[in-house]
Amino acid sequence: MSIKRYGAEGSTGTGGQHLPFSHAAGADGWLYVSGQTPMLDGEVVEGSVVEQSQLAIDNCLKIMRNAGYDREHVVHLTVILTDARYFQSFNKVFKENFGDHPPARICSVCDLVVDCKVEVGVICYKKPE
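Residues numbered from 1 in each chain as written. Predicted model: local features only at pLDDT ≥ 70, side-chain atom pairs only at ≥ 80, totals over all residues. Heavy atoms only, no water.

A. Quick peek at the environment of Ser22. Locating Ser22 in the fold gives a position in the loop between β3 (18–19) and β4 (24–27). As a C-alpha pair, Ser22 and Gly7 span 15 residues in sequence and 5.0 Å in three-dimensional space. With near-sequence residues (within four places) excluded, Ser22 lies in contact with Arg5, Tyr6, Gly7, Ala8 and Ser34. (Helix = DSSP H or I, 4+ residues; strand = E, 2+ residues; numbered from the N terminus. Contact = heavy atoms within 4.5 Å.)

B. Focus on the nonpolar core. Among the nonpolar cores identified, the biggest contains 24 residues, and Leu31, Val33, Met64, Leu77, Phe90, Val120 and Val122 are the most heavily contacted of them. When contributions to this core are tallied by element, the ones reaching two or more residues are β5 (30–36), α1 (49–66), β8 (74–81), α2 (87–98) and β10 (118–125). Residue contributions to this core peak at six residues, all from α1. Setting aside its immediate chain neighbours within four residues, Leu77 contacts Phe90, Phe94, Phe98, Pro103, Ala104, Arg105, Ile106, Val120, Gly121 and Val122. One finds Met39, Val44, Leu112 and Val114 within the second-largest nonpolar core, a separate group that totals six residues. (Core = buried A, V, L, I, M, F, W, Y, C linked by side-chain atoms within 4.5 Å. Buried < 20%, exposed > 50% of the residue type's maximum accessible area, 1.4 Å probe, protein only.)

Set out below in C-alpha coordinates:
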(Lines give C-alpha, C1' and ligand atoms only; values in the text may rest on other atoms or scores of the structure.)
Protein backbone atom coordinates (compact mmCIF):
# COMPACT_ATOMS: atom_id res chain seq x y z
CA MET A 1 0.00 0.00 0.00
CA SER A 2 1.26 3.44 -0.83
CA ILE A 3 -0.02 6.75 0.45
CA LYS A 4 -0.51 9.65 -1.93
CA ARG A 5 -0.52 13.14 -0.49
CA TYR A 6 -2.31 16.05 -2.16
CA GLY A 7 -1.12 19.58 -1.47
CA ALA A 8 1.76 18.27 0.68
CA GLU A 9 3.55 21.57 0.17
CA GLY A 10 0.93 23.02 2.49
CA SER A 11 -0.91 26.25 1.97
CA THR A 12 -1.26 29.68 3.47
CA GLY A 13 -3.45 30.37 6.49
CA THR A 14 -4.54 33.57 8.15
CA GLY A 15 -1.88 36.23 8.40
CA GLY A 16 0.24 34.48 5.76
CA GLN A 17 1.09 31.61 8.11
CA HIS A 18 2.39 28.47 6.35
CA LEU A 19 0.18 25.46 7.07
CA PRO A 20 2.49 22.41 7.29
CA PHE A 21 0.03 19.61 6.43
CA SER A 22 -1.38 18.00 3.29
CA HIS A 23 -4.75 19.05 1.95
CA ALA A 24 -5.58 15.35 1.69
CA ALA A 25 -4.03 11.90 1.83
CA GLY A 26 -5.26 8.77 0.10
CA ALA A 27 -4.57 5.04 0.11
CA ASP A 28 -6.33 1.96 -1.28
CA GLY A 29 -9.36 3.93 -2.50
CA TRP A 30 -9.73 6.00 0.67
CA LEU A 31 -9.22 9.77 0.74
CA TYR A 32 -8.96 11.79 3.95
CA VAL A 33 -9.43 15.52 3.46
CA SER A 34 -8.03 17.86 6.11
CA GLY A 35 -10.57 20.06 7.86
CA GLN A 36 -11.55 23.02 5.72
CA THR A 37 -12.72 26.39 6.93
CA PRO A 38 -14.46 29.16 4.96
CA MET A 39 -11.20 30.60 3.61
CA LEU A 40 -10.20 31.99 0.25
CA ASP A 41 -6.60 32.99 -0.46
CA GLY A 42 -5.61 32.49 3.17
CA GLU A 43 -8.30 34.71 4.66
CA VAL A 44 -11.59 33.84 6.35
CA VAL A 45 -14.61 34.94 4.34
CA GLU A 46 -17.04 36.66 6.68
CA GLY A 47 -20.69 35.74 6.48
CA SER A 48 -23.51 33.76 8.01
CA VAL A 49 -23.03 30.17 9.11
CA VAL A 50 -24.90 29.14 5.94
CA GLU A 51 -22.43 31.02 3.73
CA GLN A 52 -19.42 29.83 5.72
CA SER A 53 -20.65 26.22 5.73
CA GLN A 54 -21.11 26.19 1.97
CA LEU A 55 -17.62 27.61 1.42
CA ALA A 56 -16.05 25.05 3.77
CA ILE A 57 -17.82 22.25 1.86
CA ASP A 58 -16.82 23.82 -1.47
CA ASN A 59 -13.19 23.88 -0.30
CA CYS A 60 -13.44 20.15 0.53
CA LEU A 61 -14.99 19.43 -2.87
CA LYS A 62 -12.20 21.30 -4.66
CA ILE A 63 -9.56 19.18 -2.92
CA MET A 64 -11.56 15.99 -3.55
CA ARG A 65 -11.96 16.73 -7.25
CA ASN A 66 -8.25 17.43 -7.56
CA ALA A 67 -7.70 13.90 -6.21
CA GLY A 68 -10.31 12.36 -8.55
CA TYR A 69 -13.22 12.08 -6.10
CA ASP A 70 -16.60 13.76 -6.04
CA ARG A 71 -19.62 14.25 -3.81
CA GLU A 72 -20.92 10.70 -4.34
CA HIS A 73 -17.69 9.30 -2.86
CA VAL A 74 -18.14 11.00 0.52
CA VAL A 75 -18.54 8.37 3.25
CA HIS A 76 -18.20 10.55 6.37
CA LEU A 77 -18.07 14.19 7.40
CA THR A 78 -16.62 15.65 10.55
CA VAL A 79 -18.25 18.99 11.34
CA ILE A 80 -17.15 21.43 14.01
CA LEU A 81 -19.41 24.38 14.81
CA THR A 82 -18.49 27.17 17.21
CA ASP A 83 -22.06 27.56 18.45
CA ALA A 84 -24.79 24.93 18.92
CA ARG A 85 -27.33 27.42 17.55
CA TYR A 86 -25.72 26.90 14.11
CA PHE A 87 -26.79 23.24 13.99
CA GLN A 88 -30.07 23.65 12.07
CA SER A 89 -28.52 26.09 9.60
CA PHE A 90 -25.67 23.68 8.93
CA ASN A 91 -28.18 20.86 8.42
CA LYS A 92 -29.83 22.91 5.69
CA VAL A 93 -26.52 23.29 3.83
CA PHE A 94 -25.69 19.62 4.42
CA LYS A 95 -29.01 18.52 2.91
CA GLU A 96 -28.57 20.81 -0.11
CA ASN A 97 -25.16 19.28 -0.78
CA PHE A 98 -25.79 15.62 -0.02
CA GLY A 99 -29.58 15.32 -0.40
CA ASP A 100 -30.67 11.81 -1.28
CA HIS A 101 -27.33 10.14 -0.42
CA PRO A 102 -26.20 11.63 2.89
CA PRO A 103 -22.93 10.34 4.31
CA ALA A 104 -22.45 9.48 7.96
CA ARG A 105 -21.21 12.36 10.07
CA ILE A 106 -20.29 13.68 13.46
CA CYS A 107 -21.06 17.24 14.49
CA SER A 108 -19.56 18.84 17.56
CA VAL A 109 -19.30 22.27 19.11
CA CYS A 110 -16.00 23.75 20.20
CA ASP A 111 -13.62 26.63 19.64
CA LEU A 112 -11.63 26.67 16.41
CA VAL A 113 -8.08 27.95 15.96
CA VAL A 114 -9.35 30.05 13.04
CA ASP A 115 -11.88 32.81 13.72
CA CYS A 116 -14.83 31.33 11.82
CA LYS A 117 -18.08 29.53 12.52
CA VAL A 118 -17.45 26.08 10.99
CA GLU A 119 -14.83 23.55 9.91
CA VAL A 120 -15.57 20.50 7.75
CA GLY A 121 -13.43 17.44 7.06
CA VAL A 122 -14.38 14.51 4.85
CA ILE A 123 -13.51 10.89 4.28
CA CYS A 124 -14.15 9.47 0.82
CA TYR A 125 -13.98 6.08 -0.80
CA LYS A 126 -14.06 4.78 -4.34
CA LYS A 127 -12.99 1.41 -5.64
CA PRO A 128 -9.37 1.60 -6.80
CA GLU A 129 -8.96 1.37 -10.57
